[in-house]
Amino acid sequence: AEEEKVGTARRSAAPELANGVCLHMRKLALPNAEIQIAVGSGPGEEVQLLVSLNKGMPLQPLSKIASGGELARTMLSLRLILSNDPSTAIFDEVDAGIGGEVAHAVGAALSDLAVERQVLVVTHLAQVAAFADTHILVTKTETDQGVEVGVGQLDTDERVIEISRMLSGSPESESARRHAKELLSGSQSG
């Protein structure tokens, strides 16, 4: 029947999909990641993502063991393999617990994903923010009436200042501004 054909196709595709996702996860600061896609048998079979994110740990359902950042990076890895739909992808905490070269790799992966769709990323890392085509700053200010939230798109000069602040906490620092310009230049040229 048709259900059996679909089940057979899913079971056949699962190892290759798992391998591709695992390779991306390892590039995104999950070096010991192992993944298996378990497809049940029978009509309407359950498909489950089993992962081990730490050396020596057994494969378990992703929903039971992943932190927010691990879950976001796993979903990013899946999105990089399954490049169709949705037309908008949103990532929050995708950069949790990372920095340096890994943050750069996450930024590059998000940039690759954004070629085919709109990608919205909430980040506190300059290396990730530098890859954005559009940089939006969200601010929160306490007033006598309560909390005021501001949202605004940054122009090139404002991006340098904001990325300087993200790098060093000192946007007026000339060395931080030089570094911010290097990050922006490097991420936009690749």
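Just so it is clear, the structure is predicted and the values come from calculations on it, not from any experiment. (Residues numbered from 1 in each chain as written. Predicted model: local features only at pLDDT ≥ 70, side-chain atom pairs only at ≥ 80, totals over all residues. Heavy atoms only, no water.)

**Topic: the environment of V106**
Assignment of secondary structure puts V106 in helix α4 (residues 100–113). V106 gets classed as buried once you look at its relative accessible area, which sits at 0%. In sequence terms V106 and L23 are 83 residues apart; their C-alpha atoms lie 13 Å from each other. In contact with V106, not counting residues within four places along its chain, are L28, L76, V94, I98 and V128. (Helix = DSSP H or I, 4+ residues; strand = E, 2+ residues; numbered from the N terminus. Buried < 20%, exposed > 50% of the residue type's maximum accessible area, 1.4 Å probe, protein only. Contact = heavy atoms within 4.5 Å.)

**Side note on the pairing of strand β2 (residues 47–52)**
Here strand β1 (residues 34–39) pairs with β2 via six bridges, running antiparallel. Bridging across to β2, I35 finds its partner in V51. For β2 and strand β3 (residues 60–61), the ladder comprises two bridges, and the chain directions are antiparallel. Residue pairing for β3: L50 is matched across the bridge by P61. (Pairing = 2+ DSSP bridges.)

**Examining the side chain of R159**
Within the secondary structure, R159 sits in helix α6 (residues 156–168). There is no salt bridge for the buried R159, and the closest opposite charge comes from D133, which lies 6.9 Å off by N-O distance. Among the polar contacts made by the side chain of R159, one reaches the main-chain carbonyl oxygen of A129 at a distance of 2.9 Å. Every residue in contact with R159, bar those within four places of it in the chain, is listed here: A129, A130, A132, D133, H135, L154, L184 and Q188. (Lys, Arg positive; Asp, Glu negative; His and termini not counted. Salt bridge = Lys/Arg side-chain N within 4 Å of Asp/Glu carboxyl O. Polar contact = N/O pair within 3.5 Å; in protein donor to acceptor, adjacent residues only side chain to side chain.)

**So, the environment of L82**
Residue position: L82 is located in the loop between α3 (68–81) and β4 (88–92). Its relative accessible area of 37% is what places L82 among the partly exposed residues. With 54 residues separating them in the primary sequence, L82 and L28 have C-alpha atoms 17 Å apart.

**Looking at the packing of α6 against helix α7 (residues 174–189)**
Running from N to C, α6 and α7 point in directions that differ by 110°, and their axes come no closer than 8 Å. Judged by the inter-axis angle, α6 sits roughly perpendicular to α7. The two elements α6 and α7 meet at a crossing, and its hand is right-handed. Contacts between α6 and α7 involve R159, V160, I161, I163, S164, L167 and S168 from the first element and A176, R177, H179, A180, K181, L183, L184 and Q188 from the second. Considered class by class, the residues forming the contact of α6 with α7 number eight nonpolar, four polar and three charged. (Axes fitted to C-alpha atoms, helices over the stretch in contact; angles between N-to-C directions. Parallel < 35°, antiparallel > 145°, perpendicular 65-115°, else oblique. Left-handed = near helix turned anticlockwise from the far one by under 90°. Nonpolar A, V, L, I, M, F, W, Y, C, P; charged D, E, K, R; others polar.)

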